[in-house]
2 protein chains.
Amino acid sequence: MKRVQIDPSIDLYFGENFLLGSLQSYLKGRRALLLADSALLELYAVDLAKKLGVELVAVPSGEEAKSVAVAEHLISKLCQKGCDRNTFFLAFGGGVTTDLVGFIASIYMRGAPLVLIPTTLLAIVDASIGAKTAVNTSYGKNLLGTFYPPKAIFADLAMLATLPSRELLNGWAEILKISLVCDIEIWLLAKERKEEAIFRAMKKKIEIVLKDPKERAIRHILNFGHTIGHALEKISNYQLSHGEAVAIGSVAESYLSMDLGLLEPKLFEQIQHAYSQFPLKLPKAYTKEALLAAMSFDKKREGEDLYFVLIDRIGHALPFEGRYCKKVTPDELKNTLNWMESCRFYP
Amino acid sequence: MKRVQIDPSIDLYFGENFLLGSLQSYLKGRRALLLADSALLELYAVDLAKKLGVELVAVPSGEEAKSVAVAEHLISKLCQKGCDRNTFFLAFGGGVTTDLVGFIASIYMRGAPLVLIPTTLLAIVDASIGAKTAVNTSYGKNLLGTFYPPKAIFADLAMLATLPSRELLNGWAEILKISLVCDIEIWLLAKERKEEAIFRAMKKKIEIVLKDPKERAIRHILNFGHTIGHALEKISNYQLSHGEAVAIGSVAESYLSMDLGLLEPKLFEQIQHAYSQFPLKLPKAYTKEALLAAMSFDKKREGEDLYFVLIDRIGHALPFEGRYCKKVTPDELKNTLNWMESCRFYP
C-alpha cells in the first residue's frame, strides 16, 4: 500500500487489500458513518460497517440518485442520527455515490469531513480526484455542486475483482483521456502494467487539480471528451455510462481537433484504434439537433458559444493563451457531428 | 461613499445614496441577474433592474423561503434563463435573500459570482459579512449551507429609510452583540454616531472572519447569543426575527457568563439596561424543555454537549485555549433557563 500526502490536508491511500486495517486506524476515536451504495450492502458494506463499528446508511444506486430530492432525503436521515459537523462521512461506492455524498458533506452544517472510498475504477481515477461534488437537475448533469476536497481517499484495487467488465472499461476510458491531454507515458503503460497506469493517471490528475483547483485554466483539459460526452449521457437519459459517453466524446473531440487542422490524421487513427476495444454506441435518441441542444447547458459554455478542449498530439492539450479551451461555432462542429453519425464503430 | 478592499477578491462599498451609479460601473460588460426579495419589487427592484439593464427574478419573502424547495425552484428559473457560471447573481434584500441567493450561487455550476446588496441593517452587519450561505431544514435553521465569499458587497444606508423600526432594532441587536464580544468602542459610538458604529461593526466582523474563515477558532465569538437565539427562533416557528432572537440570546448568554462567575453582576446590569430598548419577548411555545430540544441541533454542538461563547467584560469573549467556546452541561444551564422564564423584560 502506498500512502501519498496530496496536500497538507488530503491523504491518498492506494494499493490492494489494505482497506479494513487502514480505515480502522484512520477512524480511531472519530465518529463516522458509512454511506454506501445500496448495491454493495451485501457484498461489502454491511460487513465493513460492522468491523469498523460505524452506522450504515444506504445510498440509492444509479445516476437518478444524484438528485436534490435524494440528497434532501439522506440529509434528513443524517439529522435524525444526530450527525454534527465533526462526523466523518465515508462515501463508499462508485462516482454516483462519491459525488452525491460529497455534495451532502459539503453543505451539511456548512461542511462535514468527507472520506472517499471509491469502489469502481472510474471512481478511483475520476470522481474521487478533483474535489468536485455534484448532483444533476433536469437541465443537465452535475449542474449543481461544490468544490469540496475530501480529508482522505482510500483506493483499494481489490474492490475491482467483482466489477463487471463494462465498468472496468469505463475506468480505462477515463485513464486514456487523462493520457491524451497530458501524458503519453500512461498510454504506453496501459497496455502492460495496468496498476502503474492507474496510479500514474491518479497522480497526473491530482497535479493538474492542485495547479488549478477552481478550474479557471489548465484544469479545463480534464474536460476533454466531456462537452460531447455529457450531452450524450443526457440524451441517453443516463443509460449510457459516464465512461462510455466520455469514450465516445474523446474520440469525437479528437476528430474535431483533427478537423480544425490541429491533430495529424495519423495520430487520430491511433487514437481511434486504441478506443476500438470499447463497445461504443450512440444512444438511440441521438440526433445532431438533440446533441446541440443538450450541449447548450454545458458548464464551459459562455453565452451562446461552446468551448472545447483540443489536442495536437497524444499527451498534449493546447493551451490557447492559458484558457485551455477554444470557442467552436456550430458551423465548425458540423463535420464532427456528421462523422459521429456515420462512423463505423457506432453500429 | 467608502470603498474598502476586504481581501484581493472582495470589494466592500459603504455609504449613502451611491448604489445605482456604483453598480452600473461595476457591472459594465458583465451578464447579471437581479434576484430580489419580492417584497421590494415595487419599492426598489423593478426600477433598479430596469436602470441596470438586467433581468429580474423575484425571491419569495420570509424565513420559510430559505428552503431546499425554494432554492430548487429558483435554480430551475436560472437554468431556463440560460445562466452560466459567469453570470453575476445580485442578491437584493435582507438576510433571507442574501443567505438563500448566496447558497444558490455557491452550488450553481459549482459556483457563480455573487454580489450582495443588503437592504436591511441586520443584513448589512450580519448576513452580508462572513461568506456564510444557508437554507433551513425541518431539523433546524441554517443546517445546510456553504462558505462562499461574494465578489462585492454594496451597503447603501439610504435603503434603511423605508425600514420598519422593528427591523432597525434587529440590526442594532447584532451591532451590540459584535461590540460585546470584541470591541467596546462600538458600544460607545452606538449612542451618538450611528453611521460610524455601523461601519466599525462591519469592519470588526470582517477582521474576525478573515482571521478564521472556516469558523474553527476565534470566529466562534460571533455566535455569542446564537446558541439560545437560534433555538428560540425555531421554537417560535420563525415568527421571532433573527435579531430579536439574538438580542434575547445575547442577554441570556451574558447572564450565563455571570452565573458561571466570569462576568461581574454590575456589567451584566449595564448590558441588560442597553437591551431594555428592545421589545424582547419569548415565543408563546417557549418551555425550558423545548429550548433544550431545539438547541440539540446547534452546529456548535459536539456529541451530546452544548457549547457557548462566554464574555468576561463588554468587548471581550473568553478564548478558552483557542476554542472560543466552552462546554456547558444542562445542569450549569439551569439558572439561566429559570432566569429566562422569570425575567421582567419578557412580559
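Details of the structure are given in the entry above.
Residues numbered from 1 in each chain as written. Chains lettered and ligands numbered in written order. Predicted model: local features only at pLDDT ≥ 70, side-chain atom pairs only at ≥ 80, totals over all residues. Heavy atoms only, no water.

S.K.: Sorry, what's going on with the nonpolar core here?
M.R.: Considering soluble globular proteins, one finds that nonpolar side chains tend to be buried as a cluster. Of all hydrophobic cores here, the largest spans 77 residues; its most connected members are B:Ile198, B:Ile221, B:Leu232, B:Tyr275, B:Leu291, B:Phe308 and B:Met340. Of all hydrophobic cores here, the second largest spans 76 residues; its members include A:Ile129, A:Leu180, A:Val181 and A:Ile311. (Core = buried A, V, L, I, M, F, W, Y, C linked by side-chain atoms within 4.5 Å. Buried < 20%, exposed > 50% of the residue type's maximum accessible area, 1.4 Å probe, protein only.)

S.K.: Help me understand the interface of chain A and chain B, please; the structure alone is not making it clear to me.
M.R.: How big an interface is tends to be stated in terms of the accessible area lost upon association of its parts. Between chain A and chain B, the contact holds 35 residues from the first and 35 residues from the second. Between chain A and chain B we count two salt bridges in total. The partner of B:Glu215 in a salt bridge is A:Arg85, with the nearest N and O atoms 3.4 Å apart. Looking at the side of chain A that touches chain B, the elements that each hand over two or more residues are helix H3 (68-80), helix H4 (95-107), strand S7 (132-137) and strand S8 (140-147) of chain A. Class assignment for the residues of the side of chain A that touches chain B results in 14 nonpolar, eleven polar and ten charged. (Contact = heavy atoms within 4.5 Å. Salt bridge = Lys/Arg side-chain N within 4 Å of Asp/Glu carboxyl O. Helix = DSSP H or I, 4+ residues; strand = E, 2+ residues; numbered from the N terminus. Nonpolar A, V, L, I, M, F, W, Y, C, P; charged D, E, K, R; others polar.)

S.K.: Hey, could you run me through the sheet that holds strand S1 (residues 2-7) of chain A in this one?
M.R.: Residue and element names in this part refer to chain A. In spatial order, the strands read S1-S2-S9-S6-S5-S3-S4; together these seven strands make up an open sheet with mixed pairing. With partners counted over all chains shown, the strands left at the sheet margins are S1 and strand S4 (55-59), one partner each. Between one strand and the next, the sheet's axes are offset by a mean angle of 20°, whatever the strand orientation. Of the pairings in the sheet, the one linking strand S5 (residues 88-93) to strand S6 (residues 114-118) comprises five bridges and is parallel in character. Within S6, the position partnered with Leu90 by the bridge is Val115. Across the face of the sheet, H3 comes into contact with strand S3 (32-37), S4 and S5 while running at roughly 170° to S4. (Pairing = 2+ DSSP bridges. Axes fitted to C-alpha atoms, helices over the stretch in contact; angles between N-to-C directions.)

S.K.: Honestly, the sheet that holds strand S9 (residues 152-156) of chain B in this entry has me stumped. Any pointers?
M.R.: Hydrogen bonds between backbone atoms are what pair the strands of a sheet, whose relative direction is either parallel or antiparallel. Residues and elements named next belong to chain B. Read across the sheet, seven strands follow the order S1-S2-S9-S6-S5-S3-S4 without closing on themselves; strand pairing throughout is mixed. Edge positions in the open sheet fall to strand S1 (2-7) and strand S4 (55-59), since each of these has one partner strand only. Strand-to-strand twist of the sheet, defined as the mean angle between neighbouring strand axes without regard to direction, takes the value 20°. Contacting strand S2 (10-15), strand S3 (32-37), strand S5 (88-93), strand S6 (114-118) and S9, helix H1 (residues 19-27) runs over the sheet at an angle of about 165° to S9. Packing of helix H8 (residues 194-211) onto the sheet brings it into contact with S1, S2 and S9, and relative to S2 it is tilted by some 165°.

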